[in-house]
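Read off the chains here:
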Amino acid sequence: GTGSVPLASGNSGAEPLGLYNTTGITKTSLASANPKLSDLIDAEGRIEDTNLDYTDMLWLSNKRARRFFKKMKAPNSSQPLFSEDWITNDIKALVVQDHGFITTTQVPNTDTAGVVTTDLFLGAWENAIIGQGQELEMVVDTSRYVTERSTLIQIVDYSDFGVAYKEAFQILTDMKV
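Starting from 1, residues in each chain are numbered consecutively following that chain's sequence as written. In keeping with the model being predicted, local features are shown solely for residues with a pLDDT of at least 70 and side-chain atom pairs are shown and tallied solely at 80 or more, while totals for entire chains, interfaces and linings include all residues. Excluded from the side-chain calculations are hydrogens and water; all other atoms, namely the structure's heavy atoms, are used.

### Focus: the pattern of salt bridges
Salt bridges, as used here, are contacts in which a Lys or Arg side-chain nitrogen is within 4 Å of a carboxyl oxygen on Asp or Glu. In total, this model carries one salt bridge according to the counting rule given. In this structure, the salt-bridge partner of Glu167 is Lys166, at a minimum N-O distance of 3.6 Å. For Glu167, a relative accessible area of 31% corresponds to the partly exposed category. Only protein chains enter the accessibility calculation, which uses a 1.4 Å probe. A residue is then buried if its area is under 20% of the maximum for its type, exposed if over 50%, and partly exposed in between.

### Quick word on the confidence of the model for the chain
Chain-level pLDDT for the chain is 84 on average; 86% of the residues reach the 70-or-more range. Confidence of the predictor at the level of single residues is captured by pLDDT, which takes values from 0 to 100. Numbering of helices and strands starts at the N terminus; helices are DSSP runs of H or I of at least 4 residues and strands are runs of E of at least 2. When pLDDT is averaged over each helix and strand of the chain, the minimum, 60, is found for helix H1 (residues 5-8) and the maximum, 96, for strand S10 (residues 169-176).

### Thoughts on the nonpolar core
Across soluble globular proteins, nonpolar side chains show a tendency to be buried alongside one another. Core analysis: the largest hydrophobic core is formed by 32 residues, its most contacted members being Leu40, Trp59, Phe69, Val96, Phe101 and Leu120. Breaking this core down by element, the ones donating at least two residues are helix H2 (37-48), strand S2 (58-61), helix H3 (63-71), strand S4 (91-96), strand S7 (115-123) and S10. Among residues more than four places away in sequence, those in contact with Phe69 are Pro35, Leu40, Phe82, Leu94, Val96, Phe101, Leu120 and Met175. By nonpolar core is meant a set of buried Ala, Val, Leu, Ile, Met, Phe, Trp, Tyr and Cys residues that side-chain atoms within 4.5 Å join together. Note on contacts: a residue pair is in contact if any heavy atoms of the two residues lie within 4.5 Å.

### Regarding the environment of Gly131
Mapped onto the fold, Gly131 is located in strand S8 (residues 128-145). On the basis of relative accessible area, Gly131 is assigned to the partly exposed category, the value being 30%. Taking C-alpha positions, Gly131 is 6.2 Å from Phe161, a pair spaced 30 residues apart along the chain.

### Quick word on unusual backbone geometry
Of note, the phi angle at Ala31 is positive, near 50 degrees, even though the residue is not glycine. Along the chain, Ala31 turns up in strand S1 (residues 26-33). A relative accessible area of 60% places Ala31 in the exposed class. If you check the backbone angles, Ser32 has positive phi at about 60 degrees while not being a glycine. Within the secondary structure layout, Ser32 lies in strand S1. The class for Ser32 is partly exposed, based on a relative accessible area of 37%.

The structure is reproduced here in structure tokens:
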């Protein structure tokens, strides 16, 4: 599969770049601060202002960020700011600023002197393009785990990632969670 390539491939010159390294995708640093409602509205507004045709936007980050948003309270209230809605198969989905929130293990937390930060993606994800080659490479090594009576089989799949419209994505970086 594409692994972490869609978000942060680690490449800076070679393809695929992932969203982090794609030129023209707006990255806004929250400078290790908690996100404010205005930060979320502004990220959404930057996509809306492009007049890009899309069906839906989704937030994407890790589970710690999801917990942060579940605990966020409305100003001057003890009520949760964001809701969890029931969707199919009795699964609750977090809705943040009118958009679903999806978690992944591909967005890491960074702990710097006890301050934990992460990144938050907002995108019209139908503008993400994943290309897959038609060739697979397979390596079979019967001697690698001979003492365990096992065979190592590795399969390599060539995939690539790109975006149709860079304006369809926003990244809030260094978000304190």
